[in-house]
Amino acid sequence: MRHFAIAMGLCAALAAPATAQVEQPQDATCPEAEAFLGPGHPPDCQGGEDISIWLYQPREVITVTARGIPALLRQVGQAATVLDRAQIEQVQGADLPRVLARVPGVTVSRNGGAGSYTSVQVRGAAGSDLLVLVDGIRLADPAAPAGGFDMGNLLTGAVGRVELLRGSNSTVWGSDAVGGVLSITPPDSGSLAASVETGTQGFLFATASARVSQDEAEAGLALSHFATDGFSAASSGLEPDGFRQQAATAWASVDQLVDDIGAFLRVQYAAGRVELDGYPAPDYVLADTAEFQQTRQFSYSSGLKFDYRPIVATLSYAVTQTERDLFDPAVSAQPGFSSDGHTRRLEAKAQLQDLGRFDLVAGADLAHSWYRTSFDARSAARTAGAFAQLGYQNGISAHAGVRYEDHADFGGVTSFGADVVLPFASGWRLVSSVGQGFRAPSLFQLNSNYGNAALQPERSTSFDLGLRFAGGLDYVVRRALPRASLVYFRRDSRDLIDFIACPPQGSGICTGRPYGTYDNVGRARSQGVEVEVQTRLLRDVQAGIAYAFTVSTNRATGLRLARRPRHAGTFGLDWQALRRLSLGADLRVVSASFDDVANTGRLGGHALLDLRASWAVSGHFDLYGRIENAGDERYQTALGYAQQGRAAFVGVRARL
């Protein structure tokens with residue numbers, strides 16, 4: 001509590017200039033307002049009845065995941081969700097997957113508590129099939145077995161906005177965008193902010209950020225510290241497994257460096273230590289151990305922005321590095337396993353405007369990745385790609401594009417994609433998209449002691465068709481109208497890469513690999529329906545539903561894919577109980593699934609109830625708290641690994 005008291009003093013100091021009076025939201029009956037989806041304030045309109053009970057979203061929501069450049073969300077036929085800082089703060093806490101659980105089609109599997117390996121699956125795709133971008137920088141780890149990104153190391157401290165595109169989109173983003181694209185950007189408003197929260201199991205999460213801007217220049221810095229004593233990762237264990245992480249993000253940009261040329265710089269660093277459980281002798285079953293892992297992640301990006309209308313372009317160079325050391329103090333003081341993965345990427349994108357009803361986006365990139373581990377010598381790969389996408393706007397919105405990517409080891413891959421938005425009634429749109437995705441074999445899968453240099457990329461084709469209703473405001477009765485979407489989706493995948501066991505004297509692909517290898521063995525299909533609704537029940541009560549029914553099947557065996565529940569949904573309710581007091585609840589319901597490809601290890605379903613409250617002390621100072629898993633549900637998302645029981649947290653937030 002000592003840390004909490006100190007941080008409260010910091011937040012109070014930041015909030016000192018705030019007035020004692022709560023900022024009174026204005027009425028939203030004006031053309032600048034469209035809907036309220038979370039806590040926040042509507043635009044500055046005069047008079048009338050207050051309807052500011054959920055987050056105000058501007059009429060023109062922008063997304064970058066669909067086309068690789070800023071685009072209007074209402075003109076994109078792909079399934080994309082945008083969550084801003086107010087919605088993230090509404091959920092509360094450091095755990096980003098809890099925020100993503102408010103998006104239909106998202107499920108999470110985790111090997112224990114905070115900081116442990118965390119996989120986010122979108123529409124039944126594997127966690128490694130989700131491309132993760134933080135401020136435009138790809139965070140895939142070339143040294144990871146599947147080359148994906150561990151979401152357990154990504155916290156909400158420096159997150160200002162989240163975009164999740166559901167569906168294959170390698171046309172724009174290249175390799176790894178098989179299941180979707182997750183784009184995260186830092187806060188883009190406010191000059192100074194700080195928050196701290198504490199809770200059960202020695203939990204402490206403190207953040208601070210500063211942003212300065214003058215004329216056409218901007219710079220920012222965000223810092224965070226996370227600590228928890230945790231609980232035993234092994235469901236049968238008693239020893240708690242904690243997690244510590246310090247992270248920093250800095251960014252700067254100049255819109256007019258010279259003439260119509262701007263520049264930007266982004267740097268991110270995170271260092272964490274997570275305690276693990278393992279498989280000790282003589283039983284070799286998951287149990288308490290003294291093992292722990294240290295992870296260091298660094299990324300850097302710089303570039304230039306060109307605005308020579310009708311051409312707007314960017315040129316960027318990015319470097320990412322992930323280092324991991326696994327320790328077992330019972331064996332040695334030195335790491336028993338270490339890995340190091342690096343990627344350097346040069347990328348250019350340009351948009352050609354002023355073509356009447358058309359516009360053209362094109363881009364090219366060149367990447368060089370390498371990795372090494374305690375048991376594998378350094379190996380590297382080079383990829384190069386280029387894409388073009390043509391857009392059309394005239395009542396309907398349509399886009400079509402093609403990409404060619406060349407991998408130094410297995411050759412070239414061509415991908416296509418298209419989407420269309422057809423308005424047909426007031427507020428109603430028919431949307432559809434088709435997209436191809438591919439994921440290149442990881443360096444580990446190609447070149448490790450278990451590797452297979454003959455591997456081919458995993459390929460997928462996704463399709464979705466849906467209806468959207470964006471209600472806006474009823475200016476007669478001055479009420480926010482519902483927002484809803486209903487989407488059918490399907491993704492077929494082939495050449496899925498999986499690990500296969502080999503006999504000691506194996507032949508063919510198993511020759512010389514007594515411990516197994518990787519091969520293109522899988523075909524899969526995921527299909528289902530997503531439902532998303534946000535509506536006002538009473539004057540001060542708002543409800544939200546994000547639900548998906550997903551059937552994910554191994555087409556070679558007919559069995560269900562591992563850790564893919566058929567039903568997953570979040571049902572939210574928010575009540576503006578008093579002028580300053582907001583109360584809310586989220587019920588997360590997930591059905592049963594299987595932990596293995598043979599469908600022999602069953603993971604039971606679960607229902608988690610989170611309760612939260614927030615008190616607006618002033619327009620700059622909030623007190624908040626929550627109870628996670630209020631029903632103390634005992635459940636697992638990975639067989640044998642425990643998940644958090646009932647836990648309580650309180651926090652304070654200041655912003656200027």
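Student: I'm lost on empty space enclosed by the protein in this one. Help?
Tutor: A probe matching the size of a water molecule, rolled over the atoms, marks out where space remains unfilled. Under the defined criterion, the tally for this structure stands at 11 cavities of 30 Å³ or more. One number sums up the size of the second largest cavity: a volume of about 420 Å³. When residues of the lining of the second largest cavity are traced back to their parent elements, those giving at least two are strand E11 (180–185), strand E14 (217–231), strand E15 (241–258), strand E16 (261–275), strand E17 (292–308) and strand E18 (311–327). Taken together, the residues that form the lining of the second largest cavity break down as 17 nonpolar, 12 polar and no charged.

Student: Just to check I follow, could you spell out the sheet that holds strand E8 (residues 130–134) for this structure?
Tutor: Either a parallel or an antiparallel arrangement is found when strands of a sheet pair, and the pairing is made through backbone hydrogen bonds. Taken together, the 5 strands give an open sheet; going across it, the order is E5-E10-E11-E8-E9, and neighbouring strands pair in mixed fashion. Looking at strand neighbours, the two that pair on one side only are strand E5 (79–84) and strand E9 (137–138), the edges of this open sheet. Pairing of E8 with E11 involves 5 bridges; the strand directions are parallel. Paired with Val132 across the strands is Leu182, a residue of E11.

Student: Before we go on, may I ask you to explain the environment of Gln121 in this structure?
Tutor: For Gln121, the location among the structural elements is in strand E7 (residues 118–122). C-alpha separation for the pair Gln121 and Val108, spaced 13 residues apart in sequence, amounts to 6.1 Å. Leaving out residues up to four positions away in the same chain, Gln121 has contacts with Gly105, Val106, Thr107, Val108, Ser109, Ala126, Gly127 and Arg563. A polar contact of 3.2 Å, which involves the side chain of Gln121, links it to the side chain of Ser119.

Student: Sorry, what's going on with the pattern of salt bridges here?
Tutor: Two side chains carrying opposite charge are able to pair once their charged atoms lie near each other. Per the stated rule, a full pass over the model turns up 41 salt bridges. Between Glu628 and Arg98 there is a salt bridge; the shortest N-O distance is 3.5 Å. In this pair, Glu628 is assigned in strand E36 (residues 621–628) and Arg98 in helix H3 (residues 96–100), connecting sequence segments 530 residues apart. Neither Glu628 nor Arg98 differs from the other in exposure class; each is buried. The closest approach of N and O atoms between Glu530 and Arg123, which form a salt bridge, is 2.8 Å. In this pair, Glu530 is assigned in strand E29 (residues 517–538) and Arg123 in the loop between E7 and E8, connecting sequence segments 407 residues apart. Each member of the pair, Glu530 together with Arg123, is buried. Within this structure, Arg345, Glu347, Lys349, Asp365, Arg403 and Glu405 form a network of salt bridges that share partners.

The rules behind these values
- Residues numbered from 1 in each chain as written.
- Predicted model: local features only at pLDDT ≥ 70, side-chain atom pairs only at ≥ 80, totals over all residues.
- Heavy atoms only, no water.
- 1 Å grid on protein atoms, 1.4 Å probe; cavity = no way out; pocket = protein on both sides within 12 Å on 5 of 7 lines; lining within 4 Å.
- Points joined across faces, edges and corners; volume = space filled by probe spheres on them.
- Helix = DSSP H or I, 4+ residues; strand = E, 2+ residues; numbered from the N terminus.
- Nonpolar A, V, L, I, M, F, W, Y, C, P; charged D, E, K, R; others polar.
- Pairing = 2+ DSSP bridges.
- Contact = heavy atoms within 4.5 Å.
- Polar contact = N/O pair within 3.5 Å; in protein donor to acceptor, adjacent residues only side chain to side chain.
- Salt bridge = Lys/Arg side-chain N within 4 Å of Asp/Glu carboxyl O.
- Buried < 20%, exposed > 50% of the residue type's maximum accessible area, 1.4 Å probe, protein only.

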